[in-house]
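# Working through the structure, step by step
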Amino acid sequence: MAPNKCVIVSYAQGGKWRVVEMKRLFLLAFGLTMTTAIAQNAVKLPQQEKKEKQQKVIAKQQEKIAQRADLEIRGNRAFDDKELRSQLKEQIATIEQHGLTSARGDDAAFFLELFYRKHGYAKVSVRYRIESGDRLRLDVVEGPLVSLGEVRFVGNDRVPSEKLFEYAVGPTRERYSKLQSSLPFVAADLEEGADLVARYYVSEGFADCIVDPPEYSDARADLVNARIVVHEGQQYLFGNVAFAGPTIYGPEVLRGQMLDLLKQPYTDARLADIPRRLQTYYKTRGYYAVKVDAVGDPTLAHHGLVPVRVTIDPGNVYYFDGVTVKGTQQLRPGYLVNRFKKLRGRPYSPDLLDRKFREVMRTSLFNILQINPTPVKGDQLRLDINVEEAKPQEFGFSIGYGSFSGGIFGVQYGNRDLFGYGRPITTSLEYSQRGYKGDFTYEDPYLFETDNALKVRLSALTFDFDGYSKFELGGRVTLSRKITQQYEVGLVFSARHVEITDATIDPLLLGETAYFVNSIGFTQTLDLRKNPFVAPRGLVLDNTVDLASSAIGSTIDLLRSTARVSYYLSFAPGPPSLQGPEELMKSPARRWFEQSLLAFGARSGIVYPLDTAGTNAALAIPIDERFFSGGSTTVRSFGERDLGPHDQGGNPIGGEFFTIFNVEYTFPLYGELLGAVFVDAGNLLPDARTPGLSDLRYAVGAGLRYNLPIGPVRLDYGVNPSPRADEDFGAFHFSFGFAF
């Protein structure tokens, strides 16, 4: 066998943006509702998805054929007949379709032998025999299960053997637990492991390193030792970096774009990353056609320091020009032209173009969107946009059960492209054992083709809470604008008619039972999370203030404000480094830790009556305008709305001031299934005139999460560490979405 020459493979990604639609899923939210939700995600192209489906169908058909085929396997003790037939399903299906021949029988024996060797049966022998009637028989002599003994490295003066061992056994280790000390001997795996050792050396700058193929010796019949010889050679580092051509920004500024690379060992992959980084630097400043070339030659190294010459031809600064649109059907092409027309005359920026692309894709109007910058008229760039529209109309239904709401059934209809203008409407009707709800929403994300967004929502509902029932009819108009990518502000006008239709709570504790509440408000959100819906990482702050006044037709006067601060700390690393083998050989414990998330949250709210009209100030706020606490998103040792003041019958009556504090740590269990532990604290005080942190209640608990494309399904149990006489020991919660 030829020695393994140290090589490393790198890849570049770029060119076109492509996104395809991911169909919506029906999701259950226990204790709240069961809803239909829709997500579009950049996952697979339609052709790829179609091919994978076809492959699954073929594999399923082959499995059926393999299990009922006229085939006999003798001598197998380690694996049962069903498993071996499954491993040979392709070969058996070929025989069933095209007939049994010596070549096909030999193929079946070969692949069965390969399967055994992969599981440590290094001395296995499989022979085929064609019996009368074209019947295939496979005779297996398994031999002993051979374990891998000592793996000894020779010539590794710069790298400890313990480090190299993890790479050498890595391909085998992937199939077995990290806790399993004894691994089966698989020669093909060790040869692949030797390649990984070579790749590790090259990632550490040993460009001339050679790793010989493994040599094997039998310690005993069921134990094999391996010896791997390493010829390390010189370790190379980056030396002086010289620049040629009109750099514009100067050598020191350009070196600053690659300081982290220059501090690492010299490799061809890191050398190739220098032009990519500098091209990105120039392109973000408008130099669309910049050319950068980096050359390094280890043969010219002095004391291991490789000189590098970087040649730069920046070209001209390019500016965005017009837009062409192809592929639209129902959607008017002007929709896309309007989205990109503000770029005209601005210097080319791939970051700006990417933000626009993501903004358009969030509308869910497209399965595929391609943006191709095309040079025209010297230093101008025309954006040629090709699209494939998604189906604009959707109809769905939901069915489920909640411990608080009882049985739930709903229907939903949505049209994302009303009259071809790209303005969405959604309607929904929902029935539960506690009431009915109807909802209509219209959105205009670009009101009058500006950056202002309009959202109009009309709703009607009836609901039976513990202690009272209500009917509500109203609407809400929100005008919002993103000041920056992370900071958004909004103005809100809300008008509602609320009527308490039935109650067992003392009328003195209910407040007004039929009233109009019209309010104007202000909202602001600073969202620094990386992905707010699926994998939040970072800080989010939001605040709302709304004023209800008789001056705008309200029959009650109040001032209400809420605030939230959440921070999500992810332990995952940033973009992978160029040390491919190092990333591949992370221990399972490290990978497990990097998939965990620590979240902190704090919320507070206050509602204050502006006109008590001679009534008790603490009861001047109608019950349905008060805050309630306890449940899946607040203090989880309490049931829904069960924390805080109650009447003599045990019904919650709400409060005018609340605080909530949450800490939660989530960690992977299996696939998309996550575990969680949490601590919650919070209070709900009856009188806004005496806010504070008195009467805090607590929760300590654990739960499960299952990640879906649009968020997690959660099951939690919170324990009350100091329950009072009228409080439960704890509470279960099954819900959808993030807790805070």
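Keep in mind it's a predicted model, so treat the numbers as computed, not measured.

With that settled, consider the nonpolar core. Counting residues in hydrophobic clusters, the biggest one holds 26 residues, and the most contacted among them are Phe153, Leu164, Phe185, Val197, Tyr201 and Val211. Among the elements of the structure, β7 (147-154), α5 (161-168), α7 (187-203) and β10 (223-231) are those that each provide at least two residues to this core. Judged by nonpolar contacts, the second largest core, of 23 residues, contains Phe320, Leu336, Tyr348 and Leu365.

A separate point is a nonpolar patch on the surface. The grouping of Val477, Leu479, Leu491, Phe493, Ile520, Phe522, Val545, Leu547, Ile552, Leu559, Tyr608 and Leu610 at the surface amounts to a nonpolar patch, some 930 Å² of accessible area in total. Residue assignment for the nonpolar patch shows that the elements contributing at least two residues are β22 (468-482), β23 (487-503), β24 (514-527) and β25 (538-548). Mapping isoleucine 552 onto the fold places it in the loop between β25 and β26 (558-570). Since its relative accessible area comes to 32%, isoleucine 552 is described here as partly exposed.

Before going further, it helps to examine the pairing of strand β6 (residues 135-141). Bridge count between strand β4 (residues 71-74) and β6: four bridges; the pairing is parallel. Opposite glutamate 72, over in β6, you have arginine 137 as the bridge partner. Sheet analysis places strand β5 (residues 125-131) next to β6, joined by seven bridges and oriented antiparallel. Looking across to β6, one finds that glutamate 131 is bridged to arginine 135. In this structure, the hairpin formed by β5 and β6 is closed by a connection of three residues, where glycine 133 is found at a positive phi of approximately 80°.

Turning our attention to the sheet that holds strand β15 (residues 366-376). Strand order in the open sheet formed by three strands is β14-β16-β15, with mixed pairing between adjacent strands. Only two strands of the sheet have a single partner each, and these edge strands are β14 (319-326) and β15. Pairs of neighbouring strands in the sheet enclose a mean axial angle of 20°, with direction left out of account. For β14 and strand β16 (residues 380-389), the ladder comprises six bridges, and the chain directions are parallel. Counted as the bridge partner of valine 325 is isoleucine 385 from β16. Packed on one face of the sheet, helix α12 (residues 350-361) meets β14, β15 and β16 and runs near 155° to β15.

Let us look at the packing of α5 against α7. At a closest axis distance of 7 Å, the pairing of α5 and α7 adopts a crossing angle of 130°. What the angle tells us is that α5 and α7 run oblique. Facing Lys163, Leu164, Tyr167 and Ala168 of α5, the residues of α7 in contact are Asp189, Leu190, Gly193, Leu196, Val197, Tyr200 and Tyr201. Broken down by class, the residue content of the contact of α5 with α7 amounts to eight nonpolar, one polar and two charged.

Before going further, it helps to examine the side chain of glutamine 62. Mapped onto the fold, glutamine 62 is located in helix α1 (residues 46-68). Apart from the residues within four sequence positions on either side, glutamine 62 is in contact with Lys89, Glu90 and Ala93.

Right, let's talk about the sheet that holds strand β13 (residues 305-313) for a bit. Reading across from one edge, β11-β13-β12 is the order of the three strands in this open sheet, with mixed pairing throughout. With partners counted over all chains shown, the strands left at the sheet margins are β11 (237-244) and β12 (291-296), one partner each. The average undirected angle you get between the axes of adjacent strands in this sheet is 20°. The pairing of β11 with β13 spans six bridges and is classified as parallel. Paired with leucine 237 across the strands is leucine 305, a residue of β13.

What follows concerns the packing of aromatic side chains. Going through the model one piece at a time under the given rule, you end up with 30 aromatic pairs. Here the aromatic residues Phe79, Phe115, Tyr116 and Tyr121 are joined through ring pairs into a cluster of three or more. Of note, lysine 283 hangs over the ring of tyrosine 288, and the distance from its end group to the ring centre comes to 5.8 Å. Its end group placed over the ring of tyrosine 281, arginine 285 keeps NZ or CZ at 3.7 Å from the ring centre.

What counts, and where the lines are drawn
Residues numbered from 1 in each chain as written. Predicted model: local features only at pLDDT ≥ 70, side-chain atom pairs only at ≥ 80, totals over all residues. Heavy atoms only, no water. Core = buried A, V, L, I, M, F, W, Y, C linked by side-chain atoms within 4.5 Å. Buried < 20%, exposed > 50% of the residue type's maximum accessible area, 1.4 Å probe, protein only. Helix = DSSP H or I, 4+ residues; strand = E, 2+ residues; numbered from the N terminus. Patch = residues over 30% accessible without salt bridge, like charges linked within 9 Å, V, L, I, M, F, W, Y side chains within 5 Å. Areas by Shrake-Rupley, 256 points an atom, 1.4 Å probe, with all protein chains shown as cover. Salt bridge = Lys/Arg side-chain N within 4 Å of Asp/Glu carboxyl O. Pairing = 2+ DSSP bridges. Axes fitted to C-alpha atoms, helices over the stretch in contact; angles between N-to-C directions. Contact = heavy atoms within 4.5 Å. Parallel < 35°, antiparallel > 145°, perpendicular 65-115°, else oblique. Nonpolar A, V, L, I, M, F, W, Y, C, P; charged D, E, K, R; others polar. Phe/Tyr/Trp six-rings, centres within 6.5 Å; stacked < 30°, edge-to-face > 60°. Lys NZ or Arg CZ within 6 Å of the ring centre and 35° of its normal.

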